[in-house]
Amino acid sequence: MTKTMATTQELLELERFMIRRGGWTYLRLIYLLDSLQQIPLPRNVLSYGCGMGFHEYYLARAFPSVQIDALDIDSRAIGYACRHYHAPNLRFILGDYQQVRQAYDLVFSIEVLEHIPEPWPVLTAMCRHANYLFLLVPQWHNTTPEQKEHLRRALGHQHVGFTRQEICKHLRANGFRMLKHSNCYWEDRGGLARRLLEKVGTPDTETTDIFRRLFRLDLREGSIPSRDGRGLAQGLKVLACKT
């Protein structure tokens, strides 16, 4: 996949910003960029549930020939994105999936479906408007009722956990086939951490601490066991295309 890049320094600063936020912001970007490498360069892209627009702004700066439309129902998030991120090929839209009218080469949704009480009609709408589809969803379907309730209260999850089988079944019903799918958010993420460090360079103490929390990995000593000892993948990422 070829691209016309913004300045290397500008993109590096965007990546460092995402790393400084902690959480999963930067890791989600890596998953998205990896999937973009598997498909032809899209002419236009729709992000469903863009939030504050970090990933969408990065794509707009990294791929200036691609039109990026970013949709969200949260007026505060869209307001933040409109104030902070501007690019000629980037448009933030306040609304839901029912407002989408045009077709897109790529539609992606990063950890959005779990916040929707009835996610399947939304996924059907995404399929209707997409040629390629990238999804990143939690895979916490084995959690206890107490854990599910915590996720609902703390993170606003309405649909806690998806399986590869149910995602695949729904995609097939809407005329899509999986190109690539894999577990993600593994407890032991040593290989991925090394690839990230190649992008950001040797980390300082603050960055090392962020990576340790992000990957549960000590960059000098190897993996850190998870607290519950399960070591399971907590997420699922899917790349699919229209048949």
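Per-chain numbering applies: the sequence of each chain, read as written, is numbered from 1 onward. Residue-level local features of this predicted model are given only where pLDDT is at least 70; pairs of side-chain atoms are given and counted only at 80 or more, and the full residue set underlies all totals for whole chains, interfaces and linings. Here the side-chain values reflect all heavy atoms present in the structure, with hydrogen atoms and water set aside.

1. Some words on the sheet that holds strand β2 (residues 67-72)
Phase 1 of the analysis: If you trace the 7 strands from one edge of the open sheet to the other, you get β3-β2-β1-β4-β5-β9-β6, paired in mixed fashion. Each edge of the sheet is formed by a strand with only one pairing partner; in this case those strands are β3 (90-94) and β6 (176-184). This sheet shows a mean twist of 15° between the axes of neighbouring strands, independent of strand direction.
Phase 2 of the analysis: Note on pairing: two strands pair once DSSP finds at least 2 bridges between them. Each helix is a run of H or I in the DSSP string that is no shorter than four residues. Each strand is a run of E no shorter than two, and both are numbered from the N terminus. Relative to β3, β2 runs parallel, the two sharing 5 bridges. Bridged to A70 within β3 is F92. Helix axes are fitted only over the stretch in contact, all axes being lines through C-alpha atoms; the angle between N-to-C directions runs from 0 to 180 degrees.

2. Side note on the packing of aromatic side chains
Phase 1 of the analysis: Stacked, edge-to-face and tilted are the three classes for Phe, Tyr and Trp ring pairs, Trp counted by its six-membered ring, which pair at centre distances within 6.5 Å; planes under 30 degrees apart are stacked, over 60 edge-to-face, the rest tilted. This structure, assessed with the given rule, holds 6 aromatic pairs.
Phase 2 of the analysis: The interplanar angle of 80° and the centroid separation of 6.2 Å between the aromatic rings of F54 and Y85 together place this pair among those described as edge-to-face. Of this pair, F54 sits in helix α3 (residues 54-62) while Y85 sits in the loop between α4 (75-84) and β3; the two residues are 31 residues apart in sequence, bridging distant segments of the chain.
Phase 3 of the analysis: Taking the relative accessible area as the measure of exposure, F54 reaches 9% and is therefore buried.
Phase 4 of the analysis: The class for Y85 is buried, based on a relative accessible area of 11%.
Phase 5 of the analysis: Ring geometry for W120 against F162: centres 5.7 Å apart, planes inclined by 85°, an arrangement best described as edge-to-face. Taken together, the residues W120 in helix α5 (residues 119-129) and F162 in the loop between α6 (145-155) and α7 (164-173) connect sequence positions 42 residues apart.
Phase 6 of the analysis: Chaining the aromatic ring pairs together yields one cluster made of F17, F54, Y57, Y80 and Y85. For every residue, the accessible area (1.4 Å probe, protein chains only) is compared with the maximum for its type, and the residue is labelled buried under 20%, exposed over 50%, or partly exposed between those bounds.

3. Quick notes on the pattern of salt bridges
Phase 1 of the analysis: By convention in these notes, a salt bridge is any Lys or Arg side-chain nitrogen within 4 Å of a carboxyl oxygen on Asp or Glu. Tallied over the entire structure, the rule returns 6 salt bridges.
Phase 2 of the analysis: Across the salt bridge formed by D105 and R43, the nearest N and O atoms sit 3.0 Å from each other. Of this pair, D105 sits in strand β4 (residues 104-110) while R43 sits in the loop between α2 (25-36) and β1 (44-48); the two residues are 62 residues apart in sequence, bridging distant segments of the chain.
Phase 3 of the analysis: Here D69 makes a salt bridge to R91, at a shortest N to O gap of 2.7 Å. Of this pair, D69 sits in strand β2 while R91 sits in strand β3; the two residues are 22 residues apart in sequence, bridging distant segments of the chain.

4. Considerations on the packing of helix α1 (residues 8-20) against α3
Phase 1 of the analysis: Where α1 contacts α3, the two axes come as close as 10 Å, and the packing angle between them is 170°. If you check the angle between α1 and α3, you find them roughly antiparallel. Taken as a pair, α1 and α3 cross one another with a handedness that is left-handed. Residues E10, L11, L14, E15, F17 and M18 of α1 pack against F54, H55, Y57, Y58, R61 and A62 of α3. Here the word oblique covers every angle except those under 35 degrees (roughly parallel), over 145 (roughly antiparallel) and from 65 to 115 (roughly perpendicular). For any helix crossing, the convention is left-handed if the near helix is rotated counterclockwise from the far helix by under a right angle, and right-handed if that rotation is clockwise. By the convention used here, residues are in contact when the closest approach between their heavy atoms is within 4.5 Å.

5. Comments concerning the state of the cysteines
Phase 1 of the analysis: Disulfides are defined in this document as cysteine sulfur pairs within 2.5 Å. Going through the model one piece at a time under the given rule, you end up with 0 disulfides.
Phase 2 of the analysis: Of all cysteine sulfurs in the structure, the one in C82 sits closest to C50, which takes part in no disulfide; the separation is 8.5 Å.
Phase 3 of the analysis: On the basis of relative accessibility, which here comes to 7%, the residue C50 falls in the buried class.

6. Here's the deal with the confidence of the model for the chain
Phase 1 of the analysis: You can read pLDDT as the predictor saying how much it trusts each residue, on a scale of 0 to 100. Scored by pLDDT, the chain comes out at a mean of 81, with 72% of its residues at no less than 70.
Phase 2 of the analysis: When pLDDT is averaged over each helix and strand of the chain, the minimum, 44, is found for strand β8 (residues 222-223) and the maximum, 97, for β1.
Phase 3 of the analysis: This model gives residues 221-231 a pLDDT under 50, and the stretch forms 14 contacts once residues within four places in sequence are excluded.

7. Here we look at the nonpolar core
For soluble globular proteins, nonpolar side chains are generally found buried alongside one another.
Phase 1 of the analysis: By convention a nonpolar core is built from buried Ala, Val, Leu, Ile, Met, Phe, Trp, Tyr and Cys residues, the set being connected through side-chain atoms within 4.5 Å. One finds L36, Y58, L59, L90, F92 and F134 to be the most contacted residues of the largest nonpolar core, which totals 42 residues.
Phase 2 of the analysis: Per element, the largest residue contribution to this core is 8 residues, and it comes from α2.
Phase 3 of the analysis: Aside from chain neighbours lying at most four places away, what touches L90 is E56, Y57, A60, Q67, I68 and Y85.
Phase 4 of the analysis: Counting residues in hydrophobic clusters, the runner-up holds 26 residues, among them V107, V122, M126 and V238.

8. Structural notes on the pairing of strand β9 (residues 235-242)
Phase 1 of the analysis: For β9, the buried fraction is high: 7 of the 8 residues fall into the buried class.
Phase 2 of the analysis: As paired elements, strand β5 (residues 130-138) and β9 share 7 bridges and run antiparallel to each other. Note on β9: the bridge partner recorded for L135 is V238.
Phase 3 of the analysis: Sheet analysis places β6 next to β9, joined by 8 bridges and oriented antiparallel. By the bridge assignment for β9, N183 is matched with L236.

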